[in-house]
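Residues per chain, in single letters:
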Amino acid sequence: MIKLNDIVVKFGDFTALHDINVHVREGEFFTFLGPSGCGKTTTLRTITGFIEPVSGSVVVKDRDITHVRIEDRNIGIVFQSYALFPTMTVYDNIAFGLKIKKLKKDEIDRKVREIARKVDLSDEQLAKAVSQLSGGQQQRVAIARALVTGPAIICMDEPLSNLDAKLRVQLRNELKKMQKDFGITTIYVTHDQEEALTLSDRIAVFNKGYIEQIGTPNEIYNFSKTEFVCNFIGDINRLSDEIVQKMIDAGAELKLSDHNYIRLERLHVNEEPKLGQITVDGVVEMREYYGLYIKYYVKVGSQTVKVIEKNDGVRIYEEGQTVSVLIDPRDVMAYPAQETEVET
Amino acid sequence: MSQTLDRKFHADWIIRLIGIAFFAYLFFGFMLVPCLNTLTSIFREKNAAGQTDPLAVIRFFLAGSMGKFVWNSLKLAILLVLTVNVVGISIVLLTEYFDIKGAKILRMGYMTTMIYSGVALVTGYMFLYANDGILTTALRQSFPNMNPNWFSGFNAVLFTMTFACTSNHMLFLRNAIRGIDYNTVEAARNMGANPFKVLWKVVLPTLIPTLFSLTVMTFITGLCAMSAPTLLGYDSINPEIVRLAGSSAADESFPQARAALLSIILAMFTIVLLTVLSSYERKGHYLSVSKTKAKLQKQKITNPVANVLAHIYAYILFIIYMTPVVMIIVFAFQTYSAIRLKKLDLSQWTLINFFGKEDYQYLTSRGKYKTRVGAISGVFSNESTLGGIKLSFILSALAAALACVIVVVACNYIFNKKHKKSGVVLEYALLFPWLLPTILICYSYRTFFNSNAVWYVGNQNLYYAESVRILIVMAYTVTKLPFSLRMIKASFYAIDEELEDAAKNLGAKPLRTFLRVKLPIILPSVLAVFALNFNALFTEYDMSATFASKYGTSYAMVIQNMCAEEGMYGYNVNASGRRCASTVFIMIVSGIILYLVYGVGSRDLGERLAIKDRRRKRMEKLRAAFGGGKESKSAA
């Protein structure tokens, strides 16, 4: 569907994208994930045509569109700010692209009302100014405006970042549902790893203009290809040499020279070890109560490890209590030490 | 494909070249070259022996009395900074910060200078305080020994300008004080500071950047004062420049070069002050770090004595602001005889000062009665007054619109990322007139274009006959460019870059994006700038005085002339009344414009639609009530 081949983008002397290669499949929800300044929005803007790459090509349905004008690409976009025209009504915002295509008035009207119905906008809301709508409604207008011209692809640049936490979660679900209903190939940009994991069919993790890994949410989370990815996605413990040595002594195939990581939920407090698992003793240093789960900070030797336990209401450990921490060496993700150190 | 690309490329280049040529023509032709000509004219003078002597004028300046004008202007500027700040800060604190009874009415009084200023205001004050003014006449009846000319010269200028120049305080300082986070005041109170300590230590420091800008602007206003010194008789720089510009070498030594020297001195002061101001502004302001600002609440003055004194002070200021306004309005509807006697005659209300004409019979020195046909006439029936209004209206509207169009086109160019460097050059070119006092620009135009030798205007003498109107429009436009640029540029910042991208993505070409997306967003600001430009130019005095001629008699000059010609040989018998009426007319025009700009124009689409909706609902209700009434009647 969409192929980015060896894309290089430069701003003056600064290289923003280094040899980006991505293949997005038809109907897929594909997310570009990474911290700010990593190149994810630049890649998106290269696809939509706002940025022209120095080298490489953008191919959509076997057609090279690298140098095709923005308006001729047939790619819709939903901006971070929604970019709704403040001086037009909701109706005029949605109709804007159709008017440019010089469609007949009644056809424009039919299409606008049809898409409005699909994204749950009432006739009354269509007559309003965009400033009179709530954040969630504005987002739906932006989506309707991007979809009404019938694009092959829709690009979304952090469309949830302007909303409060509760609305963000609610709209995230709506977004996914809409994408499924429309069946449209979607490229989504976000720095929020939770958003990426819940929404995407596949994710490309960006860092400093490179792609670190492309994979399904499960692959990205559980089989992070690089140290950067494993650190960027979710919370994680980097294990001290002391603990790693203990696991090696117990027969685990780990190396002290590697950087060894384990996810918080893979550790357990006061559980009996099974075959291949080991336990280390520690003292509960601090406890964070989240309701759904509890996060413990356990001092093990010179290191504090973080452990998450489901809140079953029974096993709750107090600060200062001595506990054992259960580790399964098969859950450890190891990366060669020569890789760049990543701040955790 | 390559052919279309080529065509597009050519079209782009042609548009670009036209643009560059236009702005270069404007900058060099109407800003730099005329002003440079003024500068160099100082050094081209010939001495008594007929030889060119570059330093003749400067020697004359140092030896003669020209320094007096500079000193007088400086004295006025320095004292004005003090008095305007005292009054300006007072009126803002009294209406916005302290809890003073009747603050709303007080505010309206203090804001009257926004709807009448310049020559209209000065003549208004003269109507009250001049030797034959209402107040002076009334006072002389009680104190026959008082000097009837008490209101003239420096004191009169300082007094008038002090109250005339507080409009900026009412606009900018008021905004600044309303922007204060009230939580900071509460925090200071909570830590034990008394209200005056809070004012001194917390509130005023946040206002310093605004006050600094206001101080510089006031200083420049004082330095470049024109209408008040001219009408009230004070020898400052600007009136002297205009006088010298109209003088000839037969009457005095190199008048033109002296006028040029004075305007260059004024420009140097302005440049220094504005450089100081902009370097100060670049240092940054005290920005509020608060994300949840609390609205300022009025502070009660707890000390009863201080409270009473504050109220007395507030209302004395109110009286000073309002008396001329009230008197002008009242006397605009009085007959000439009541005005001459300076006595309100409640039986003599009339509209003659606005509309209509009457003949006037007077006794000649030979003891015969003579009738002057139409010697009493209203603003809208007196040919010269109406002519002035029409001329000013057309020229001001043209120039205000021209300045807006030029600046909008320029801003659209400046805000395109592709034109970074050339955009900066363009911006500075348009800001250039800011550095030059208006009088320098006018004087330069008057002398430079008063010849057939300027090739780039087709060897036409633009100061001659009707052409002077072109010159006035150009001067009006050029002097309004910096203000328009600052205001309209700010509105361009409000255009989210993503809006342009969105329009492009939906298929819109740059022209369509500009017309359908960007222009509607900035339009309220552009209209506001147009209105403010128009308001300022409509009664503008400096340029009017410089270009005054048979074909260039603008409204301000008409008003000024009305001060002098009253009743002589039975002509213009009701000149004072007409002057009052025309000031009322200015107030109405300015008031309507300000209402349209700040009231109607500032509403966004949402508010407009909401109002429309409310109106529709009201109509429906009315219709239902009306129709329902009918139905019930017929049912009965």
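Residues numbered from 1 in each chain as written. Chains lettered and ligands numbered in written order. Predicted model: local features only at pLDDT ≥ 70, side-chain atom pairs only at ≥ 80, totals over all residues.

## Things to note about the overall build of chain B
A count of helices and strands for chain B gives 25 helices and two strands. Rg of the C-alpha trace for chain B: 28 Å, near the compact-globule value of 26 Å for 636 residues, within the 12% margin. Within chain B, buried positions represent 38% of all 636 residues. The long-range fraction of contacts in chain B, counting pairs at least 24 apart against all pairs at least 6 apart in sequence, stands at 74%. (Helix = DSSP H or I, 4+ residues; strand = E, 2+ residues; numbered from the N terminus. Rg over C-alpha atoms; globule rule 2.2 N^0.38 Å. Buried ≥ 20, exposed ≤ 12 C-beta atoms within 10 Å, placed from the backbone. Contact = placed C-beta atoms within 7 Å.)

## Thoughts on the sheet that holds strand E11 (residues 236–238) of chain A
Residue and element names in this part refer to chain A. If you walk across this open sheet you meet the three strands as E11-E12-E18, and the pairing is antiparallel. The strands lining the two open edges of the sheet, one partner per strand, are E11 and strand E18 (333–335). With strand direction ignored, the average angle separating the axes of adjacent strands in the sheet is 25°. Where E11 and strand E12 (residues 259–263) come together, three bridges link them in antiparallel fashion. Across the sheet, Asn 237 pairs through a bridge with Ile 262, a residue of E12. (Pairing = 2+ DSSP bridges. Axes fitted to C-alpha atoms, helices over the stretch in contact; angles between N-to-C directions.)

## Overview of the interface of chain A and chain B
Taken together, the contacts link 20 residues of chain A with 17 residues of chain B. In terms of residue class, the side of chain A that touches chain B is made up of 10 nonpolar, seven polar and three charged. (Nonpolar A, V, L, I, M, F, W, Y, C, P; charged D, E, K, R; others polar.)

## Quick look at the environment of B:Gly133
Residue and element names in this part refer to chain B. For Gly 133, the location among the structural elements is in the loop between helix H5 (118–129) and helix H6 (134–142). Distance from Gly 133 to Ala 475, taken between C-alpha atoms, is 35 Å for residues 342 residues apart in sequence. Gly 133 has contacts with Met 126, Phe 127, Leu 128 and Phe 151, leaving out every residue within four places of it along the chain.

## Side note on the domain arrangement of chain A
Residue and element names in this part refer to chain A. For chain A, the assigned domains read domain 1 (2–232) and domain 2 (236–335). When each unit is reduced to the centre of its C-alpha atoms, the spacing between domain 1 and domain 2 is 39 Å. Taken together, the contacts link five residues of domain 1 with five residues of domain 2. Residues that form the side of domain 1 that touches domain 2 fall into these classes: one nonpolar, three polar and one charged. (Domains from an automatic or database assignment.)

## Structural notes on the nonpolar core
The nonpolar side chains of soluble globular proteins are, as a tendency, buried together. All names here are of chain B. If you look at the biggest cluster of nonpolar residues, it comprises 155 residues, and the most contacted ones within it are Val 157, Ile 241, Leu 266, Val 407, Leu 471 and Ala 475. It is helix H16 (residues 383–414) that contributes the most residues to this core, 13 residues altogether. Two domains each donate at least three residues to this core, and these are domain 1 (68–284 + 297–332) and domain 2 (378–564). In contact with Leu 266, other than residues within four places in its own chain, are Leu 223, Cys 224, Ile 237, Pro 437, Ile 439 and Leu 440. (Core = buried A, V, L, I, M, F, W, Y, C linked by C-beta atoms within 7 Å.)

## Some details on the sheet that holds strand E3 (residues 29–33) of chain A
Residue and element names in this part refer to chain A. Across the sheet, which stays open at both edges, the six strands sit in the order E6-E7-E8-E3-E9-E10 with mixed pairing between neighbours. Lying at the two open borders of the sheet, with one neighbouring strand each, are strand E6 (75–78) and strand E10 (210–215). Averaged over all pairs of adjacent strands, the angle between strand axes in this sheet comes to 20°, irrespective of strand direction. In this structure, E3 lies alongside strand E8 (residues 185–190), joined through five bridges in parallel fashion. Bridge pairing in E8 places Phe 29 opposite Thr 186. Along the sheet, helix H5 (residues 135–147) contacts E6 and strand E7 (153–157); its crossing angle with E6, the most-contacted strand, is approximately 170°.

## Let's talk about the domain arrangement of chain B
Here the domain parsing of chain B yields domain 1 (68–284 + 297–332), domain 2 (378–564) and domain 3 (603–636). The C-alpha centroid of domain 3 of chain B is placed 44 Å from the C-alpha centroid of domain 2 of chain B.

## Looking at the packing of helix H9 (residues 182–190) of chain B against helix H10 (residues 195–223) of chain B
Pairs of packed helices are described in terms of their axes, by the angle between the two and the distance that separates them. All names here are of chain B. Orientation of H9 relative to H10, taken along the N-to-C sense of each, is 135°, at an axis distance of 10 Å. On the basis of their axis angle, the class for H9 and H10 is oblique. At the point where H9 passes H10, the crossing takes the right-handed sense. On H10, the residues that touch Thr 184, Val 185, Ala 188 and Arg 189 of H9 are Val 198, Lys 201, Val 202 and Val 203. (Parallel < 35°, antiparallel > 145°, perpendicular 65-115°, else oblique. Left-handed = near helix turned anticlockwise from the far one by under 90°.)

## Some remarks on the pairing of strand E15 (residues 293–300) of chain A
All names here are of chain A. Two elements, strand E14 (residues 278–289) and E15, share six bridges in a ladder whose sense is antiparallel. If you follow Glu 288 over to E15, its bridge partner there is Lys 295. The turn joining E14 and E15, which pair antiparallel and follow one another in sequence, is formed by three residues; a positive phi near 95° is taken by Gly 291. Bridge count for E15 against strand E16 (residues 303–310) is eight bridges, and the pairing is antiparallel. The residue of E16 that forms the bridge with Tyr 296 is Val 307. Taking the residues that link successive antiparallel strands as the turn, the E15-E16 hairpin has two residues, and the phi of Gly 301 there is positive, at about 60°.

## Re the environment of B:Asp235
Residue and element names in this part refer to chain B. Inspection of the secondary structure puts Asp 235 in the loop between helix H11 (227–232) and helix H12 (237–245). Considering only alpha carbons, one finds Asp 235 and Asn 72, 163 residues apart in sequence, at a separation of 6.7 Å. Look past the residues within four positions of Asp 235 in its chain and what remains in contact with it is Lys 68, Phe 69, Asn 72 and Glu 240.

## Regarding the environment of B:Arg579
Residue and element names in this part refer to chain B. Along the chain, the position of Arg 579 falls in helix H24 (residues 575–600). Classification of Arg 579 by C-beta neighbours within 10 Å gives buried; the count is 30. Setting aside chain neighbours within four positions, we find Arg 579 in contact with Thr 123, Ile 559, Met 562 and Cys 563.

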